[in-house]
Amino acid sequence: MRPSAFIFLLLSLVFSHSIFHQPSVFVNGDMKLIQETCKNTKYYDLCVSSLKPNASSTKADTKGLALIMVGVGMANATATSSYLSSQLLSTTPNDPVLKKVLRECADKYGYAADALQDSVQDLATDSYDYAYMHVMGASDYPNACRNAFKRYPGLAYPSELARREDGLKHICDVVLGMIDHLSW
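The following refers to the structure shown. (Residues numbered from 1 in each chain as written. Predicted model: local features only at pLDDT ≥ 70, side-chain atom pairs only at ≥ 80, totals over all residues. Heavy atoms only, no water.)

### What to know about the pattern of salt bridges
We apply this condition: Each salt bridge in this description consists of a side-chain nitrogen of Lys or Arg and a carboxyl oxygen of Asp or Glu lying within 4 Å of one another. Put simply, DSSP H or I for four residues or longer makes a helix, DSSP E for two residues or longer makes a strand, and each gets a number counted from the N terminus.
Applying the stated criterion to the full structure yields 8 salt bridges. Between Lys-42 and Asp-173 there is a salt bridge whose closest N-O contact spans 3.8 Å. Taken together, the residues span a long stretch of sequence, with Lys-42 in the loop between α2 (31–39) and α3 (44–51) and Asp-173 in helix α7 (residues 159–182) at a distance of 131 residues. Here Glu-160 and Arg-163 are joined by a salt bridge, their closest N and O atoms 2.6 Å apart. With Glu-160 and Arg-163 both in helix α7 and 3 residues apart, this pair spans about one turn of that helix.

### Remarks on the state of the cysteines
Formally: Cysteine sulfurs are considered disulfide-paired once they come within 2.5 Å of each other. When a residue's accessible area, from a 1.4 Å probe over protein chains only, is under 20% of the maximum for its type it is buried; when over 50% it is exposed; and in between it is partly exposed.
Taken as a whole and assessed by the stated rule, the structure comprises 2 disulfides. Two residues, Cys-38 and Cys-47, share a disulfide whose sulfurs are 2.0 Å apart. Judged by the torsion about the S-S bond (-70°), the Cys-38/Cys-47 disulfide is left-handed. Assigned by exposure class, Cys-38 and Cys-47 land together as buried. Through a disulfide, Cys-105 is tied to Cys-145; the S-S separation comes to 2.1 Å.

### Comments concerning the environment of Ala-79
Its location among the elements puts Ala-79 in helix α4 (residues 62–90). Taking the C-alpha atoms as reference points, Ala-79 and Ala-106, 27 residues apart in sequence, are found 9.8 Å from one another.

### Digging into the packing of aromatic side chains
Short version of the rule: The aromatic pairing rule takes the rings of Phe, Tyr and Trp, using the six-membered ring of Trp, and pairs them if the centres are within 6.5 Å, calling planes under 30 degrees apart stacked, those over 60 edge-to-face and the rest tilted. By the criterion adopted, a ring carries a charge over it if an Arg CZ or a Lys NZ lies within 6 Å of its centre and within 35 degrees of its normal.
This structure, assessed with the given rule, holds 2 aromatic pairs. Pairing Tyr-111 with Tyr-141 gives two aromatic rings, centres 5.7 Å apart and planes at 55°, and the pair type is tilted. With Tyr-111 in helix α5 (residues 96–124) and Tyr-141 in helix α6 (residues 128–150), the pair connects residues that are 30 residues apart, well separated along the chain. The partly exposed category is assigned to Tyr-141, whose relative accessible area is 29%. Consider the rings of Phe-149 and Tyr-157, whose centres lie 5.3 Å apart with planes at 80°: the pair is edge-to-face. The ring of Tyr-83 carries Arg-164 above its face, with NZ or CZ at 4.2 Å from the centroid.

### Thoughts on the packing of α5 against α6
Counted only if it meets this: Geometry is summarised by axes, namely lines fitted to C-alpha atoms with helices restricted to the contacting stretch, and by angles between N-to-C directions that run from 0 to 180 degrees. Working definition: roughly parallel below 35 degrees, roughly antiparallel above 145 degrees, roughly perpendicular at 65 to 115 degrees, and oblique for all remaining angles. For this classification, the nonpolar set comprises Ala, Val, Leu, Ile, Met, Phe, Trp, Tyr, Cys and Pro, the charged set comprises Asp, Glu, Lys and Arg, and every other residue, Gly included, is treated as polar.
Relative to each other, α5 and α6 sit at 175°, their axes nearing to 8 Å. One element, α5, and the other, α6, form an angle in the roughly antiparallel class. Broken down by class, the residue content of the contact of α5 with α6 amounts to 21 nonpolar, 2 polar and 4 charged.

Printed below as a string of C-alpha cells:
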C-alpha cells in the first residue's frame, strides 16, 4: 500500500471513529490547546467548532489539530465534488455548456482534496513549507471553478456553490494559520 493511501486510510478511520463516538463529557481543560491554536487562525469560531466535536482533538498536539482540520477540508472538497457530480447528472442533456462547467468544477474540487491529502504527508514529515503550498493550492481551486462560470456570461454562479467555495477557503485559511504557528 502506498504511504499516501495508508495515511488517507488512517485519517479516514480516525475521522469516522470520532464522528460516531463522541465523548459524553468535554472537559474545559481539553479546550485550552484548541483555543490557543485557533487564536492563531483567521476564523477562530470555525476552528473551534470544527475541532471541539472531534474526540481525537482533545488528545492532539498542534500538528494533530492541523491534521484534523485538513481532514475537515478534504471532506468539504470531496463533498463539493460529489455535489457537483450530482448536479451534472440532473442537468438537462441539451445544456452542454453547463455540463462542461460542472464537470470542470467537480474536477477542481477533486484536485483540492488531492492537494490537501498531499499536505497530510508534508505535515507528517515536518515539511511545513510544502504543506503550506499544498493548502494554498487547495484554497485556490475554487477560484478556477468560479472563473469557469465567468467564461460563459449566460451561466450564473450558483449560490450553493458560492457558499461551499467560501467554506473551503475558510477551512484552508484556518489550516494555514496553524501551519504558520507550527513553523515558528
